[in-house]
Amino acid sequence: MADVYNWHLGRTMSYPYPAGPGGGRQFAAVFNINRCISCQTCSMACKSTWTFSPGQELMWWNNVESKPFGGYPLNWDVNLLEMQADRDPDGQVWNPEARREVEAPYGQFEGKTIFETANGKDQVVTGYIPSNDDWKAPNIYEDAATKWAKEGVELPAHSGWFFYLQRICNHCTYPACLAACPRKAIYKREQDGVVLIDQERCRGYRKCVEACPYKKAMYRPTTRTSEKCIACYPRLEGQDPLSDGLPMETRCMVACVGKIRLQGLVQVGSDGLWVDDPRNPMYYLVHVAKVALPLYPQFGTQPNVYYIPPRWVPREYLHQMFGPGTDAAIDAYTNPSRELLAVLQLFRVTQKIIFAFDIIPGPKVADLNIGGQKQEIYDDTVVGLDSQGREIVRVPVMEPTFQRPGKLNSI
Ligand code: SF4
Ligand code: SF4
Ligand code: SF4
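Residues numbered from 1 in each chain as written. Chains lettered and ligands numbered in written order. Predicted model: local features only at pLDDT ≥ 70, side-chain atom pairs only at ≥ 80, totals over all residues.

**Remarks on the overall build of the protein**
For step 1, the next point in the chain: Across its full length, the protein holds ten helices and 19 strands.
For step 2, the next point in the chain: A principal-axis box enclosing the C-alpha atoms of the protein has dimensions of 75 × 50 × 50 Å.
For step 3, the next point in the chain: Residues classed as buried in the protein amount to 44% of the 411 residues present.
For step 4, the next point in the chain: Within the protein, counting contacts between residues at least 6 apart in sequence, those at least 24 apart form 63% of the total. (Helix = DSSP H or I, 4+ residues; strand = E, 2+ residues; numbered from the N terminus. Buried ≥ 20, exposed ≤ 12 C-beta atoms within 10 Å, placed from the backbone. Contact = placed C-beta atoms within 7 Å.)

**Focus on helix α1 (residues 41-50)**
For step 1, the next point in the chain: Every buried residue of α1 is listed here: Cys42, Ser43, Cys46 and Lys47. Looking straight down α1, one finds that the buried residues subtend no more than 130° of arc, so they occupy a single side.
For step 2, the next point in the chain: Tucked inside the fold, the buried residues of α1 contact β4 (63-67), β7 (163-167) and α6 (251-254). (Arc of directions from axis to C-beta.)

**Let's talk about the site of ligand 1**
For step 1, the next point in the chain: Near ligand 1 lie 15 residues; those nearest to it are Cys36, Cys39, Cys42, Cys256 and Gly258.
For step 2, the next point in the chain: Classifying every residue of the shell around ligand 1 gives nine nonpolar, five polar and one charged. (Near = placed C-beta within 6 Å. Nonpolar A, V, L, I, M, F, W, Y, C, P; charged D, E, K, R; others polar.)

**Regarding the pairing of strand β3 (residues 25-32)**
For step 1, the next point in the chain: Of all eight residues making up β3, eight are buried, and the element is well covered by its neighbours.
For step 2, the next point in the chain: In β3, alternate side chains face the same way, and those of Arg25, Phe27, Ala29 and Phe31 on one face and Gln26, Ala28, Val30 and Asn32 on the other are all buried.
For step 3, the next point in the chain: Sheet topology note: the β3/strand β12 (residues 261-267) ladder contains seven bridges and is antiparallel. Residue phenylalanine 31 lies in a different strand from β12, and its bridge partner there is arginine 261.
For step 4, the next point in the chain: With four bridges connecting them, β3 and strand β14 (residues 305-308) associate as parallel partners. Bridge pairing links asparagine 32 to isoleucine 308 in β14. (Pairing = 2+ DSSP bridges.)

**Observations regarding the site of ligand 3**
For step 1, the next point in the chain: Residues in close proximity to ligand 3 total 13 residues, the closest being Cys46, Cys229, Cys232, Thr250 and Cys252.
For step 2, the next point in the chain: Elements with a contribution of two residues or more to the shell around ligand 3: α1 and α6.
For step 3, the next point in the chain: A total of three residues in the shell around ligand 3 trace back to one element, the largest contributor, which is α1.
For step 4, the next point in the chain: Grouping the amino acids of the shell around ligand 3 by side-chain chemistry returns ten nonpolar, two polar and one charged.

**Examining the sheet that holds strand β15 (residues 356-360)**
For step 1, the next point in the chain: Taking strand neighbours across the sheet as the criterion, the three strands line up as β15-β18-β19 in an open arrangement whose pairing is antiparallel. Only two strands of the sheet have a single partner each, and these edge strands are β15 and β19 (391-396). The mean inter-strand angle of the sheet, taken between neighbouring strand axes irrespective of direction, is 20°.
For step 2, the next point in the chain: Pairing analysis gives five bridges linking β15 to strand β18 (residues 381-385), with the strands arranged antiparallel. (Axes fitted to C-alpha atoms, helices over the stretch in contact; angles between N-to-C directions.)

**Quick word on the nonpolar core**
Generally speaking, soluble globular proteins have nonpolar side chains that are buried together.
For step 1, the next point in the chain: Of all hydrophobic cores here, the largest spans 104 residues; its most connected members are Cys177, Leu285 and Ala292.
For step 2, the next point in the chain: Residues within four places of alanine 292 in sequence aside, it is in contact with Val30, Leu285, Val286, Tyr306, Tyr307, Ile308 and Ala329. (Core = buried A, V, L, I, M, F, W, Y, C linked by C-beta atoms within 7 Å.)

**Focus: the sheet that holds β12**
For step 1, the next point in the chain: If you walk across this open sheet you meet the four strands as β12-β3-β14-β13, and the pairing is mixed. If you trace the sheet from one side to the other, it starts and ends with β12 and β13 (293-294), each paired once.
For step 2, the next point in the chain: Along the sheet, helix α7 (residues 281-288) contacts β3, β12 and β14; its crossing angle with β12, the most-contacted strand, is approximately 90°.

**Some words on unusual backbone geometry**
For step 1, the next point in the chain: The step from lysine 67 to proline 68 runs through a cis peptide bond, and the omega angle for that step is 15°.
For step 2, the next point in the chain: In this structure, proline 68 sits in the loop between β4 and α2 (76-87).
For step 3, the next point in the chain: At the junction of tyrosine 72 and proline 73, the peptide bond is cis and its omega measures out at 0° in the coordinates.
For step 4, the next point in the chain: Structurally, the position occupied by proline 73 is in the loop between β4 and α2.
For step 5, the next point in the chain: Backbone geometry at lysine 290 places phi at a positive 55°, although glycine is not the residue there.
For step 6, the next point in the chain: Relative to the helices and strands, lysine 290 resides in the loop between α7 and β13.

**What about the environment of aspartate 122?**
For step 1, the next point in the chain: Here aspartate 122 is to be found in the loop between β6 (108-109) and β7.
For step 2, the next point in the chain: Measuring from C-alpha to C-alpha, the distance between aspartate 122 and alanine 180 comes to 10.0 Å, with 58 residues separating the pair along the chain.

**Structural notes on the environment of leucine 346**
For step 1, the next point in the chain: On the secondary structure map, leucine 346 appears in the loop between α10 (338-344) and β15.
For step 2, the next point in the chain: For leucine 346, a count of 21 C-beta atoms within 10 Å corresponds to the buried category.
For step 3, the next point in the chain: Taking the C-alpha atoms as reference, leucine 346 lies 25 Å from valine 313; in sequence the two are 33 residues apart.
For step 4, the next point in the chain: Among all residues touching leucine 346, those that are not within four sequence positions of it are Leu262, Pro281, Ile354, Phe357, Val382, Gly384 and Val395.

In structure tokens form, the structure reads like this:
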């Protein structure tokens, strides 16, 4: 085991391999849970591109599940949380006092990760293989709320609640799938941090299926190999003819009807931290606005998909799912700064990856009172730039509207 630094946990942790040299880019994405309508367009975009062949019938590299009861595979997170609680009964706690900018934005995790609770004999990672039945019903418990809200609902937390959780492979910085593979068939690319399974080397032992805490490595019986999300890497490489050779967002991102997804590439330094780049939308949302958080950071894989948590869900549930940054993230989203409001307009306005943004100040257009806090709204314009620093998109904060005349036609 090597010691590696995990900034989600704010500490070093044990991992079977040393950290990479850094200097490359890392695939990252932000999903705004508050806006998802569970239309499953993202799921179908992925399936119709990558998993439509025999043996892949039950394979959804992208899925959207209703929480708290839904899950694909069934109960994937509850099962692992229970295993972790059994193996580390007092340890699943955070010390928010140890918070430091960039190195430890959520404080320090004082419990054990899934690498640290493993028995070290037949497991290098705590995990389990779901049963065949667990994979069969990706939408079970869809739209099932915790209880009926007979007296209506009230913010900040509804008495009856559910929300949609959008899930793809996290292209983790410390992938559990890679750590567990006895064939060394799984690798993480230097240039973009994408985690891939070499289909020539894989022998279908399913150690990755067992180890991935998010259950995003899946077994295909027709080829007797495991497969997973490939981050649509030809698009990231700029091979899609539509993008003129520029890096392009993945299929599930660009298809998103609810405009909840934004994907990017961030620069990683030799210390394993994201290189200071506040004009990169990913860096801004995660490190500056702190509005987007990793999913179950306590598992220890340092996942690279970040979520803006849902405002209406009881905080205790969200703290377990997104860690101690939850309250600040919801505050930031509920009363967005002038800059954050502008950056939020960049979600789903172009297929090309936005590497930097500029904000052009505009006039004040409204004074609002949101939850007792005064808010000034400005009609700023946000400009998105490509990897070469050229403008690819320009969006105003205020959506242009057209008022129809009272009398439309002769009817
Ligand atoms: S396409 Fe977007 S809005 Fe629709 S389910 Fe997927 S993430 Fe949600
Ligand atoms: S989410 Fe799972 S499959 Fe994807 S890189 Fe992380 S451990 Fe591997
Ligand atoms: S990134 Fe590409 S391969 Fe991965 S889930 Fe999305 S569409 Fe599928």
